[in-house]
Amino acid sequence: MRFFDRLVGHGARNSTVRAIAGGGLVIVLVVALVIARAPLGLGTLFGSPPSADELRDEAVSWETVWDDPEAFAGTVHAVRGVVADATMAEHIGGRPTFLNLGSPHPQTPRFDAVIWESDRPAFLARYPAGPEAHLVGQEIYLAGRIEMHEGVPQIELEHPAQLAEANPEEAARTIPADPKAALERDAAFLAAPAREGRGLGSTGIAEAERFIAKRFAHLGLEHAPGAESYYQDLTLYRHDFPKEKATLALTAASDAGSAEPPEIELPEPKLGDDYRITPFSETGEASGPLAFAGYAVDAPDRSWSDMEELDLEGKVALAFRYEPWLDEPVGAYGRMQLSSHAALQEKARNARAAGAEALLVVRGPQHARSPEDMRPWELVSLAPGRSPFDRIDTVADIPTLHISHDLGSRIVKAAGYEMRELHEALGAPGEQNETAHGP
């Protein structure tokens, strides 16, 4: 028998029951069933608890509920999904444990399962480290009455019989049966775009730290000596530039011998949209005519030099990012395998050695992507005072900015060139064009 057939008085507030007696007398009874909104207990919900097999056979996906919440709200169903995140919210009254299917809180779409502290001991018999430590990454099946809370569908779990796992043996382990698969799953969660790069102060890094703490608990790791949790407090110091002083201005210069300004429309660059300051940039002001410096690479070991006989005295150098011998992403996960010649600090030092007043770095046409991340760089250290980049081997000595490909293309076009022309003029490694440094 389907467990839905065992429901007692669920699914409607008013029901009409007709009974026919003997002797041609018809009696119609109208019975009003008032459905309580408080937790009802398994007996009221199901008559008898559903089996794990019934949950698996009859569960609908959490996405189906999310797509049509009005059809499911107030009804009893089994729901399936993968636990994206789980946590015990000790700061909330009742100390509920949340299992988030599909997406971690507060992201949507998702489906939540809620276990109140008063019901938690029954679940600890199955999950000694707590459901939140055992079930992240597991496909589970839930049964109960679906309610909406702040636009998110949820089921309150009062008893472990309302919960089953697709792989019970894996969920019960503290050490995964397949460590490699578990590691890949954990890495995928931590590296997912939803973690926002795990930037300081971001929702993503908070989700990541909770995930790691729960994984430590799942593995049975002890806290550090004297610590009451896996967390350690420390003070971090930010190092960045005053945004109101980090400006970039472009001016069209007159041709030699001409008093008339050229008819060139140059953009007004905006910090965060068109450019950002590198964290190792020198402070101060710099100005000068723009000069193309290729990749600003000096690599005798690769038979390539953009800097040989290049005079940048009093000029602002424009250079491509990366390296001339790397046109396509390669290596694991499609990432570029870069040498030290691609480092922006090295490009800045090479430009400074050639006399440049400042350096603008831009993605070349073969590496352009949209949208570009032009948020201002900042560094964080464990000590106040000088930046971690303030070391003799890394500081740039000249103002160094990363500009967007779009801004770089408009600057180059204003000078009468196309970005691809400059790239092609450089030639391939081993075929370097000595006239590549034109404008």
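Computed from a prediction, not measured in an experiment: that's the story for all the values here. (Residues numbered from 1 in each chain as written. Predicted model: local features only at pLDDT ≥ 70, side-chain atom pairs only at ≥ 80, totals over all residues. Heavy atoms only, no water.)

1. Points about the overall build of the protein chain
As a reminder, the rule being used: Only runs of H or I of at least four residues qualify as helices and only runs of E of at least two qualify as strands under DSSP, and these elements are numbered from the N terminus. With a 1.4 Å probe rolled over the protein chains alone, any residue whose accessible area is under 20% of its type maximum counts as buried; one over 50% counts as exposed, and the rest are partly exposed. Contacts are assigned to residue pairs that have any heavy atoms within 4.5 Å of one another. For the accessible areas, the method is Shrake-Rupley and the probe is 1.4 Å, while residue cover comes only from the protein chains on display.
Within the protein chain one finds 12 helices and 18 strands. Burial status across the protein chain gives 40% buried among its 439 residues. In the protein chain, of all internal contacts separated by at least 6 residues, the share reaching a separation of at least 24 is 67%. Accessible surface, the protein chain: about 24,200 Å² in total, of which carbon and sulfur atoms supply 52%.

2. Some words on a nonpolar patch on the surface
In plain terms, the rule: Surface patches are drawn from residues lacking salt bridges whose relative accessible area is over 30%; two like charges belong together within 9 Å, two nonpolar side chains (Val, Leu, Ile, Met, Phe, Trp, Tyr) within 5 Å. The rule for a salt bridge is simple: a side-chain nitrogen of Lys or Arg has to be within 4 Å of a carboxyl oxygen of Asp or Glu.
Residues L200, L234 and L236 make up a contiguous nonpolar surface patch of roughly 270 Å² in combined accessible area. As for its position among the elements, L234 is in the loop between α9 (203–218) and β10 (237–239).

3. Structural notes on the nonpolar core
Our working rule: We call a set of buried Ala, Val, Leu, Ile, Met, Phe, Trp, Tyr and Cys residues a nonpolar core when their side-chain atoms join them within 4.5 Å.
Core analysis: the largest hydrophobic core is formed by 24 residues, its most contacted members being L248, F320, L360 and I403. When contributions to this core are tallied by element, the ones reaching two or more residues are β11 (275–277), β15 (316–320), β16 (358–362), β18 (400–403), α11 (405–414) and α12 (419–426). Counting 23 residues, the second-largest nonpolar core is a separate cluster that includes W62, L101, F111 and A113.

4. Considerations on the packing of helix α8 (residues 179–191) against α9
Condition: All axes here are fitted lines through C-alpha atoms, helices being fitted over the stretch that makes contact, and every angle between N-to-C directions spans 0 to 180 degrees. Comment on the angle field: the value is read as roughly parallel under 35 degrees, roughly antiparallel over 145, roughly perpendicular from 65 to 115, and oblique elsewhere. Left-handed describes a crossing whose near helix is turned anticlockwise from the far helix by less than a right angle; the clockwise case is right-handed. Nonpolar residues are Ala, Val, Leu, Ile, Met, Phe, Trp, Tyr, Cys and Pro. Charged residues are Asp, Glu, Lys and Arg, and all others, Gly as well, are polar.
Between α8 and α9, whose axes approach to 9 Å, the crossing angle comes to 160 degrees. The orientation of α8 relative to α9 falls into the category roughly antiparallel. As for how α8 packs across α9, the hand of that crossing is left-handed. Residues D186, F189 and L190 of α8 form the contact with α9, whose participating residues are E207, A208, F211, I212 and R215. Its residues assigned to classes, the contact of α8 with α9 comprises five nonpolar, no polar and three charged.

5. Some details on the confidence of the model for the protein chain
The following threshold applies: The predictor reports its confidence for every residue as pLDDT, a score running from 0 up to 100.
For the protein chain, mean pLDDT is 75; residues scoring 70 or higher make up 70% of the total. When the criterion is pLDDT under 50, residues 432–439 qualifies, and its contacts beyond four places in sequence or with other chains add up to 20 contacts.

6. Observations regarding the pairing of strand β6 (residues 111–115)
In plain terms, the rule: Whether two strands pair depends on DSSP finding at least two bridges between them.
With five of five residues buried, β6 lies mostly within the body of the structure. Of the two faces of β6, both are covered, the one formed by F111, A113 and I115 as well as the one formed by D112 and V114. Summarising the sheet, strand β5 (residues 97–101) and β6 pair through five bridges and their orientation is antiparallel. If you follow F98 over to β6, its bridge partner there is V114.

7. So, the pattern of salt bridges
Oppositely charged side chains can form a pair if their charged atoms are brought close together. Scanning all chains against the criterion turns up 10 salt bridges. A salt bridge links R120 to E132; its shortest N-O distance comes to 2.9 Å. Residue R120 is located in helix α5 (residues 120–124), and its partner E132 is located in helix α6 (residues 131–134); the two are separated by 12 residues in the primary sequence. It is possible to trace a salt-bridge network through shared partners that takes in D274, D406 and R410.

8. Examining the sheet that holds β16
Judged by pairing direction, the sheet is mixed, and its five strands sit side by side in the order β11-β18-β16-β15-β12 without closing on themselves. Pairing within the sheet leaves two strands with one partner each, and these edge strands are β11 and β12 (290–292). Put simply, the sheet's adjacent strands are angled 25 degrees from each other on average, direction ignored. Where β11 meets β18, three bridges bridge the pair, whose relative direction is antiparallel. Paired with Y275 across the two strands is I403, which belongs to β18. Taken strand by strand, helix α10 (residues 344–353) contacts β15, β16 and β18, and its axis lies near 140 degrees from that of β16.

9. Topic: the side chain of S404
Within the fold, S404 resides in the loop between β18 and α11. Of the residues examined, S404 reaches a relative accessible area of 5% and is grouped as buried.

10. Here's the deal with the packing of aromatic side chains
Applicable threshold: Planes of paired rings set the category: under 30 degrees apart is stacked, over 60 is edge-to-face and the rest tilted, where pairs are Phe, Tyr or Trp rings (Trp by its six-membered ring) whose centres lie within 6.5 Å.
Taken as a whole and assessed by the stated rule, the structure comprises four aromatic pairs. Seen in terms of ring centroids, F216 and Y230 are 5.4 Å apart; in terms of plane orientation they differ by 70 degrees. Their pairing is edge-to-face. Pair noted here: F216 is in helix α9 and Y230 is in the loop between α9 and β10, with a separation of 14 residues, a long-range link. For F216, a relative accessible area of 31% translates into the label partly exposed. A residue is classified by how much of its surface remains accessible, and Y230, at 24% relative accessible area, is partly exposed. For the pair Y295 and F320, a centre-to-centre distance of 5.5 Å together with 70 degrees between the ring planes defines the contact as edge-to-face. Within this pair, whereas Y295 is found in the loop between β12 and β13 (298–299), its partner F320 is found in strand β15, the two being separated by 25 residues in sequence. When sorted by exposure, Y295 lands in the same class as F320, which is buried. Members of the aromatic cluster, joined through ring pairs, are F292, Y295 and F320.

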